[in-house]
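Observations on the three-dimensional arrangement
Now for the letters of each chain:
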Amino acid sequence: MIRLSGIERVFRVGEEEVHALRGIELEIARGEYLSLMGPSGSGKSTLLNVIGLLDRPNAGRYELDGRDVTGLDDDELSRARREKMGFVFQFFHLVARLTAAQNIELPMVLAGIEPGERKQRLARLLSAYGLEARAHHRPDQLSGGQCQRVAIARAMSMGPSVILADEPTGNLDRHTGQEVMAVLERVHHGGGSVVLVTHDPEIGARAQRRLRMVDGAIVGDERG
Amino acid sequence: MRLADTLGFAWQVVRGYRARTLLILLAMGIGVAAVVAVSSIGEGARLYVVNQFGSLGTHLVIVLPGRSETAGAMPGVLIGKTPRDLTIEDALALKRSPAIRRLAPLIVGAGDVRVGARNRETPVLGSTSELMDIRHMAMAQGQFLPPGDPRHSQPVCVVGAKVATELFAGRSALGEWLRVGDRRFRVVGILATQGESLGFNTDEIVIVPLAAAQALFNTEALFRILVEAKSREQIAIAQSDIEEILRERHEGKREVTVITQDAVLATFDRILRALTLAVGGLAAISLAVAGILIMNVMLISVTQRRHEIGLLKALGATGANIRLMFFTEAVLLALGGALLGLAVGKLGQLFIGQLFPSIPFTAPWWAVIAAPLTAIGTAVLFSVAPARRAARLDPVRALSKR
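Residues numbered from 1 in each chain as written. Chains lettered and ligands numbered in written order. Predicted model: local features only at pLDDT ≥ 70, side-chain atom pairs only at ≥ 80, totals over all residues.

Focus on the packing of helix α3 (residues 100–110) of chain A against helix α4 (residues 115–128) of chain A
All names here are of chain A. Stated precisely, the cut-off is as follows: To get an axis, fit a line to the C-alpha atoms, keeping to the stretch in contact for a helix; angles then go from 0 to 180 degrees between the N-to-C directions. A run of H or I in DSSP counts as a helix once it spans at least four residues, and a run of E counts as a strand once it spans at least two, with each numbered from the N terminus. Each angle gets one of four labels, with under 35 degrees taken as roughly parallel, over 145 as roughly antiparallel, 65 to 115 as roughly perpendicular, and the rest as oblique. Take the far helix as the reference: if the near one is turned anticlockwise from it by less than a right angle, the crossing is left-handed, and if turned clockwise, right-handed. Any residue pair is listed as a contact if its two C-beta atoms, each placed from the backbone, are within 7 Å. For this classification, the nonpolar set comprises Ala, Val, Leu, Ile, Met, Phe, Trp, Tyr, Cys and Pro, the charged set comprises Asp, Glu, Lys and Arg, and every other residue, Gly included, is treated as polar.
One way to put it is that α3 packs onto α4 with a least axis distance of 10 Å and a crossing angle of 130°. Overall, the two elements α3 and α4 adopt an arrangement that is oblique. Considering the relative orientation of α3 and α4, their crossing is right-handed. In contact with Ala101, Ile104, Glu105 and Met108 of α3, α4 contributes Arg118, Arg121, Leu122, Leu125 and Leu126. Partitioned by chemical class, the residues of the contact of α3 with α4 number six nonpolar, no polar and three charged.

Structure below.
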């Protein structure tokens, strides 16, 4: 589903060049549950952003569902993200003035989906993530766990190829973190692909495939 | 993204940031209100002047002796050379023209007016009964000069309100006699107070029959002939008829100047209209200021909302989506501000109208249409830069900064 070859990402910081990604070779199959671990600054978030089409590599080739997406322009990338990617962030990134339901609906609104169709999908998502009672609450009236469930429901709303989660438990207590992981794993059990960035070994160990990164390169790839 | 959803989203933003929304509504509102109020004051002044001219007499044509090459704006200051005088016969001959409703020959001089021991130097007008209708004069007491052949006269006169009170010192002037020069006149009417209108203060004049004035000032020559055309359309016909008739009578020479009230009025109308446009334009500058404020607030908003914009882009919003959101927001704000401004402007206009009831304040239609359009135009124009900046935000950087 995802094939990265020879991916390089270089940031300029003042005079210095920082190699955030060096010669990344990676294939991710449909339905895989994969964790990306490594010390901070190892490039795991940058890799996630490249996979998520938020960031462009300086060199290399990226194939997504059999299509080369390396040379797409901004708007094409936006559309590709809309169709294929679901993001879950550490700080939830919900729009504060919108209700839970409106936040979940947002990707469908941006994609221009008919209101009738939206309502049906929204109802399914609210019940799937146990948010029916909270649909009309704003984020500041929700607990951290509920916020992250809203974010996951939002990520799922367009039926993406892969869910990309950047430290999804980083801002939650242990217990709530476990709950959120259970929700993400349900997505995986339902046949979805999940790529998870974390620096918590316990969380990372739950994935079937575990990548280790150091200094922008993949140094370990464990399965099972 | 669907248009209804874009509108809904912008509406949520406008409602979500109350203080910011109020600030912009206020700025826009003041701009639009200023344009409406200022232009309605200008328009009111124009209508006031036009009405004042109307009160001089409608469809007025003034005949002056002498041919003048340079024309002035005020009928009172036009002086031409006088090769041959205008006479009563000339005036009566003008009645042949079918375009003329009525006319009043006029002689003006200064007279020493005396009642007992009191005396006063005042302007003395010699004219006929028709002067009253042509100049729209009103009587406080009694009657105007009696109608009749202008070549013969009765010893009667009409006095202005001030003349009556000053000379008769509290006694009723009506029916009393006064002396102008060496002739005696009985007061048959007192004019209602009208104040100044183009050169004459009607409160301070004495009006005597034309023939009496001719004898008093020892002259046959008329100062003016005031002519009233039958309608506005007939003014031009009356003018050419007058020139024709008088040329015939003066052996083919064109020895009179004919001016129409319309020409003078049109000049004033043009000047005041230009003035209204100019002050309206000045007020429109405040709209541009409001536009710059919108741009600033929008730029701040882009900075404040960079997380949200980054998120929207991550969720699949294209640059065009983001730009359209910002434009919609600006148009909503401008529209609200324009409506507010129109309401406030209207209220201001009513308020000024209460202070100066004699001036007909009305906002000209062009201001009512142009002010809101300008507001929306500036709002869109000045939100181009913020919208572009928002659309170009890099989602990774927008999301990562806390």
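From this point, the narrative continues.
Let's talk about the pairing of strand β10 (residues 206–209) of chain B
Residues and elements named next belong to chain B. Applied cut-off: The rule for pairing is simple: two strands pair if DSSP sees at least two bridges between them.
In the sheet, strand β3 (residues 118–127) pairs with β10 via four bridges, with the strands oriented parallel. In the sheet register, Ser127 faces β10, and the bridge partner there is Pro209. Inspection of the sheet shows strand β5 (residues 156–159) paired to β10 by two bridges, in the antiparallel sense. Paired with Val158 across the bridge in β10 is Ile207.

Considerations on the pairing of strand β2 (residues 16–28) of chain A
Residue and element names in this part refer to chain A. Judged from the nine bridges that link them, strand β1 (residues 2–13) and β2 form a sheet pairing that is antiparallel. Across the sheet, residue Ile2 finds its bridge partner in β2, namely Ile28. Hairpin connection between β1 and β2: a loop of two residues separates the two successive antiparallel strands, and Gly14 in this loop has a positive phi of roughly 65°.

Details of the domain arrangement of chain B
Applied cut-off: A domain assignment, automatic or from a database, supplies the domain bounds used here.
Splitting chain B by domain gives domain 1 (3–52 + 267–400) and domain 2 (84–254). Each of domain 1 of chain B and domain 2 of chain B has a C-alpha centre, and these two points are 58 Å apart.

Topic: the confidence of the model for chain B
Residue and element names in this part refer to chain B. Stated formally: The pLDDT value tells you how sure the predictor is about a given residue, anywhere from 0 up to 100.
Scored by pLDDT, chain B comes out at a mean of 85, with 93% of its residues at no less than 70. Here residues 69–73 is a poorly scored stretch, pLDDT under 50, and it has five contacts once near neighbours within four places are set aside; other chains count. Scored as a complex, the prediction yields pTM 0.71 and ipTM 0.92.

Comments concerning the sheet that holds strand β3 (residues 33–37) of chain A
All names here are of chain A. Sheet architecture is open: six strands sit in the order β6-β7-β8-β3-β9-β10, paired in mixed fashion. Each edge of the sheet is formed by a strand with only one pairing partner; in this case those strands are β6 (85–88) and β10 (217–223). Between one strand axis and the next, the sheet turns through 20° on average, direction left out of account. On top of the sheet, helix α5 (residues 144–156) reaches β6 and β7 (162–166); it is set at about 170° to β6, its chief contact.

Some thoughts on the sheet that holds β2(A)
Residue and element names in this part refer to chain A. Spatial strand order, β2-β1-β4-β5: four strands in an open sheet with antiparallel pairing. Strands with a single pairing partner mark the edges of an open sheet, and in this sheet they are β2 and β5 (67–68). Sheet contacts for helix α1 (residues 44–51): β1 and β2; angle to β2, the most-contacted strand, approximately 60°.

Some details on the interface of chain B and chain A
Contacts between the two partners involve 20 residues from chain B and, on the opposite side, 21 residues from chain A. For the side of chain B that touches chain A, the elements supplying multiple residues, two or more each, are α1 (3–16), α9 (306–314), α10 (319–355) and α12 (395–400) of chain B. For the side of chain B that touches chain A, the element with the most residues is α9(B), which contributes six residues. Classifying every residue of the side of chain B that touches chain A by side-chain character gives nine nonpolar, seven polar and four charged.

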